[in-house]
Amino acid sequence: MRDTVLTQLHAVQFKNHTQLDLEFSPTLNALVGNNGAGKTNVLDAIYYLCVTKSYFHPVDSHHIQHDAPFFVVEGLFNEEKASQRVKVRCALKRGGKKSFTVDDVAYDRLAEHIGRFPVVMISPSDRDLLSEGSEVRRKFMDSIIAQSNKEYLNHLLDYQKTVQQRNALLKYFAANRTFSSEQLSLYNERLCRLAPKIHTARKEFVSAFSPLLQRFYDLLSGGQESVDFLYSSGLEHHSMEELLRMHESRDRLTQYTTVGIHKDDLDFQLMGHPLKRVGSQGQQKSYLVALKLANFALLVEKMGRKPLLLLDDVFDKLDAQRVEALVSLVQAHEFGQIFVSDTHPERTTDLVKRMDPNAAVFPL
């Protein structure tokens, strides 16, 4: 089975790039330049084409170049099992609606594109997985499952929409000093149908993911420490129906749905303790890189093909020992197409040529 390869990238007025035209190596590509040169923005443009949105910021209009009327990002992929190239195009006019097409054909729902071109990004911003709230960790988990499981993505989108509708109804009740259990039950029933399916898929994901995380952490750190990846959910102890019934009064008071799988969380652990509390900077960085490499490995296992791997400024955030371990890891394992950004041209050229003699280097 052929792996997905991005052969060309074209961008107009995307972030700091007025115009960008790049042709890539099918194996390893390095983007080098000073801070602010737009290396990360190139990686984000690639991510956009795979996932229909930015890795870094959810508001599409923020990616239009300052004072420009629109942006366009376009890429040519060698499609899985196909000899011809596939054109993926994303465009947005300021104040307009995002256009996303494949070979000039628009999707009915953008969610249909998720998983067609699988991708994994490793970035300094991944530290948010440790420092921010549970929503960031849920999104990490959901994004992995959704790329290989369309049914899960549809269930998740339906669940999220239902929570929004239920919240709107709770606000309506409060504003009008009224209440109808019959109206609320329509949304409760839908949540009770969807929540167990999402919960089961997440448990299965964590079960498959945890040993991969340990394996990659061992390879990066020398194998002296145990790591874990624990999933916590209210559905472990109660059904969704019970949770909603037990917290109905609180939901009415707060005017939003306070329980459910949209409150689930992940606990990152090192030697049986919270990583955020006991882990050194090096241990935390190794854990986060191992998370993403496990992400990559699981997608290969589930989808039978290799995602694009985007490494944003990773060499600058790891010490020399861990950089060597990562380079050795990439050399020893069969990754697909890789994109690397770095601020040190000499270091990068040396590293990537050791990883792949045929690597392409792009000064920005």
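Residues numbered from 1 in each chain as written. Predicted model: local features only at pLDDT ≥ 70, side-chain atom pairs only at ≥ 80, totals over all residues. Heavy atoms only, no water.

Caption draft 1: Spatial organisation of unusual backbone geometry. Positive phi values are uncommon outside glycine, yet lysine 15 reaches one of about 55 degrees. Here the phi dihedral of threonine 52 falls at roughly 75 degrees; this positive angle occurs in a residue that is not glycine. Mapped onto the secondary structure, threonine 52 falls in the loop between helix 1 (39–51) and strand 4 (70–78). (Helix = DSSP H or I, 4+ residues; strand = E, 2+ residues; numbered from the N terminus.)

Caption draft 2: Region of interest: the sheet that holds strand 6 (residues 99–102). Spatially, 2-1-4-5-6-7 is the arrangement adopted by the six strands of the open sheet, whose pairing is antiparallel. Sheet topology places strand 2 (17–23) and strand 7 (105–106) at the edges, where each strand pairs with a single neighbour. Here helix 1 sits on the sheet in contact with strand 1 (5–14), strand 2, strand 4, strand 5 (85–93) and strand 6, set at roughly 110 degrees to strand 1. (Pairing = 2+ DSSP bridges. Contact = heavy atoms within 4.5 Å. Axes fitted to C-alpha atoms, helices over the stretch in contact; angles between N-to-C directions.)

Caption draft 3: Here's a closer look at the pattern of salt bridges. Under the criterion given, the structure shown has eleven salt bridges. Linking aspartate 126 and lysine 292 is a salt bridge whose minimum nitrogen-to-oxygen distance equals 3.1 Å. Taken together, the residues aspartate 126 in the loop between strand 8 (119–122) and helix 2 (128–131) and lysine 292 in helix 9 (residues 281–303) connect sequence positions 166 residues apart. Each member of the pair aspartate 126 and lysine 292 is classed as buried. It is possible to trace a salt-bridge network through shared partners that takes in Asp142, Arg202 and Asp264. (Salt bridge = Lys/Arg side-chain N within 4 Å of Asp/Glu carboxyl O. Buried < 20%, exposed > 50% of the residue type's maximum accessible area, 1.4 Å probe, protein only.)

Caption draft 4: Inspection of the layout of surface pockets at higher detail. Here the largest pocket defines a volume of roughly 1600 Å³. In terms of lining residues, the largest pocket is bounded by 44 residues, among which Lys53, Ser54, Lys139, Phe140 and Ser143 are the most central. The dominant element in the lining of the largest pocket, judged by the number of residues it contributes, is helix 3 (residues 134–148), at ten residues. Considering only residue class, the lining of the largest pocket consists of 22 nonpolar, ten polar and twelve charged. (1 Å grid on protein atoms, 1.4 Å probe; cavity = no way out; pocket = protein on both sides within 12 Å on 5 of 7 lines; lining within 4 Å. Points joined across faces, edges and corners; volume = space filled by probe spheres on them. Nonpolar A, V, L, I, M, F, W, Y, C, P; charged D, E, K, R; others polar.)

Caption draft 5: Just the nonpolar core, in detail. In terms of nonpolar packing, the biggest core is built from 70 residues, with Phe209, Phe229 and Leu291 touching the most fellow members. Grouped together as the second largest cluster of nonpolar side chains are 41 residues, Val42, Ile64, Phe117 and Leu153 included. (Core = buried A, V, L, I, M, F, W, Y, C linked by side-chain atoms within 4.5 Å.)

Caption draft 6: A look at the packing of aromatic side chains. Per the stated rule, a full pass over the model turns up 18 aromatic pairs. Between phenylalanine 24 and phenylalanine 339, the ring centres sit 4.8 Å apart and the planes meet at 85 degrees, which makes this aromatic pair edge-to-face. Within this pair, whereas phenylalanine 24 is found in the loop between strand 2 and strand 3 (28–32), its partner phenylalanine 339 is found in strand 13 (residues 338–342), the two being separated by 315 residues in sequence. Under the relative-accessibility criterion, phenylalanine 339 is labelled buried at 0%. With centroids separated by 5.7 Å and ring planes inclined at 65 degrees, the aromatic side chains of tyrosine 48 and phenylalanine 71 adopt a geometry described as edge-to-face. (Phe/Tyr/Trp six-rings, centres within 6.5 Å; stacked < 30°, edge-to-face > 60°.)

Caption draft 7: Geometry of the packing of helix 3 against helix 9. As a packed pair, helix 3 and helix 9 sit with axes 9 Å apart at the nearest point and diverge in direction by 20 degrees. With respect to each other, helix 3 and helix 9 are oriented roughly parallel. Like other packed secondary-structure pairs, helix 3 and helix 9 cross with a definite hand, here right-handed. Facing Phe140, Ile144, Gln147 and Ser148 of helix 3, the residues of helix 9 in contact are Leu291, Lys292, Asn295, Leu298, Leu299, Lys302 and Met303. Tallied by class, the residues present in the contact of helix 3 with helix 9 amount to six nonpolar, three polar and two charged. (Parallel < 35°, antiparallel > 145°, perpendicular 65-115°, else oblique. Left-handed = near helix turned anticlockwise from the far one by under 90°.)

Caption draft 8: Looking closely at a positive patch on the surface. On the surface, a cluster of positive charge is made up of Arg109, Lys161, Arg190, Arg193 and Lys197. With three residues, helix 5 (residues 181–221) is the largest single contributor of residues to the positive patch. (Patch = residues over 30% accessible without salt bridge, like charges linked within 9 Å, V, L, I, M, F, W, Y side chains within 5 Å. Areas by Shrake-Rupley, 256 points an atom, 1.4 Å probe, with all protein chains shown as cover. Lys, Arg positive; Asp, Glu negative; His and termini not counted. Charge placed at Lys NZ, Arg CZ, Asp CG, Glu CD.)

Caption draft 9: Inspection of the side chain of glutamine 269 at higher detail. Examined against the element boundaries, glutamine 269 turns out to sit in strand 10 (residues 265–270). For glutamine 269, a relative accessible area of 13% gives the class buried. Looking at glutamine 269, its side chain comes within polar contact range of the side chain of aspartate 267, at 2.9 Å. Not counting residues within four places of it along the chain, the set of residues in contact with glutamine 269 comprises Ser226, Val227, Asp228, Leu230, Leu275 and Tyr287. (Polar contact = N/O pair within 3.5 Å; in protein donor to acceptor, adjacent residues only side chain to side chain.)

Taken by themselves, the reported measurements are silent on function.
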